[in-house]
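# Structure at a glance
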Amino acid sequence: MSIFDRNRGNRLLQHGMAATGVLMGMIAGMAESPASPVLEKVIRSGELAVVIRYKDPAAGDGLDHAPRVSVLLHGKGVAKVAFPDDVGIPEVFTTEMDPLNGYSEVVVESYSGGAHCCEEIVVFSAPADGVEKVWWKVRLGTFDGGARPPRDLDGDGLSEIMVRDDAFYYVYGCYACSYAPPVILSVRGGRKVDITRRSSFRPVLRREEKRIASRMRQSMTENGGRVENGLLAGYVALRFLLGEGAEGWNFMLKHHVRELQAFCLVTVRPPNPGIDAGTAQ
Ligand SMILES: [Ca+2]
């Protein structure tokens, strides 16, 4: 080994020892870091109290603690849920969704972090036949995007939650060039119900139709009179929801892009045996 190599070797050794020292210091520091406190937020609504327990997401161990939500009626616990895979503070809404019991529903929404997915939505609902019983925990599912506060979409005094049919993303086109039709959800008697097709929501679907029609006109301008297939698929589904599936299907036949758009697609299971599915790239 030359003098240069020996010096270089000594420098590397010194750097290595220094780095090891820093690493050991970091480990010691981590070991000495006190656990961050579990924080508590209480939301009161009439006879209900909703307790949210979480850690500050910015704390060193903030992501190691599953956020938890408990519902108390007259001070007694009637429902609880934990989100072991999620981060941050769950959002809570109390609102009337199911007219068959005497209490507001408690809607809890928790986010997993990451792009697009997932917002998990859980609804707690009182059984109609007993005020002190354990409440039903109705899982509406996990959805693309952020929180969706429940709203009364048809003016009947009951709130609904509008999500999107995420199955339409990445199947016929990339995320940004796809349209996912709406799904309007509620709860009845402890069960999740899809009430999108109710006549009272037709104005909501018509507004959606106008919105997607505008996007499709822009797509036709950019694609020589053709509409991106990711938009068309959701549009056809929306027309089916309106009871106008044949019209939507015929529009698709006239305007779809003939060539396979393989960018960012995913493999999907065919809805019926014997029908070919799209292919992933
Ligand atoms: Ca309503």
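For the structure itself, look to the data block above.
Residues numbered from 1 in each chain as written. Predicted model: local features only at pLDDT ≥ 70, side-chain atom pairs only at ≥ 80, totals over all residues.

## Topic: the nonpolar core
Within soluble globular proteins, side chains that are nonpolar generally end up buried alongside one another. The condition is simple: To count as a nonpolar core, a set of buried Ala, Val, Leu, Ile, Met, Phe, Trp, Tyr and Cys residues must be joined through C-beta atoms within 7 Å. Exposure in this text rests on C-beta crowding, where 20 or more other C-beta atoms within 10 Å of a residue's own make it buried, 12 or fewer make it exposed, and counts in between make it partly exposed. The C-beta atoms are placed from the backbone. The helix count covers DSSP runs of H or I at least four residues long, the strand count covers runs of E at least two residues long, and both are numbered beginning at the N terminus. As used throughout, domain bounds are those supplied by an automatic or database domain assignment.
Membership of the largest hydrophobic core comes to 26 residues, with the highest contact counts inside it found for Val 71, Val 106, Val 107, Val 123, Phe 124, Trp 135 and Leu 140. Broken down by secondary-structure element, the contributors of at least two residues to this core are strand E3 (68-73), strand E4 (76-82), strand E6 (105-111), strand E7 (117-125), strand E8 (136-144), strand E9 (161-164) and strand E10 (182-188). Lining this core are residues from two domains, each supplying at least three of them: domain 2 (39-150) and domain 3 (160-281).

## What about the packing of helix H3 (residues 229-241) against helix H4 (residues 245-255)?
Put simply, the rule reads: Geometry is summarised by axes, namely lines fitted to C-alpha atoms with helices restricted to the contacting stretch, and by angles between N-to-C directions that run from 0 to 180 degrees. Should an angle lie under 35 degrees it is considered roughly parallel, over 145 roughly antiparallel, and from 65 to 115 roughly perpendicular; all remaining angles are considered oblique. Definitions for this section: a left-handed crossing has its near helix turned counterclockwise from the far helix by less than a right angle. A right-handed crossing has that turn clockwise. By definition, residues are in contact whenever their C-beta atoms, placed on the basis of the backbone, come within 7 Å of each other. The residue classification treats Ala, Val, Leu, Ile, Met, Phe, Trp, Tyr, Cys and Pro as nonpolar and Asp, Glu, Lys and Arg as charged. All others, Gly included, are polar.
In the contact formed by H3 and H4, the axes pass within 7 Å of each other and the chain directions differ by 160°. In terms of orientation, H3 and H4 fall into the roughly antiparallel class. In terms of crossing hand, the pair formed by H3 and H4 is right-handed. Residue-level contacts link Leu 232, Tyr 235, Val 236, Arg 239 and Phe 240 of H3 to Gly 245, Glu 247, Gly 248, Trp 249, Met 252 and His 255 of H4. In terms of residue class, the contact of H3 with H4 is built from 6 nonpolar, 3 polar and 2 charged.

## Things to note about helix H2 (residues 202-222)
Cut-off, in case you're wondering: To estimate the expected span of a helix, subtract one from its residue number and multiply by 1.5 Å.
Across its 21 residues, H2 extends 30 Å between first and last C-alpha, which sits within 8% of the 30 Å expected from 1.5 Å per residue. One or two steps after H2, the chain reaches Gly 224, where phi turns positive at roughly 60°.

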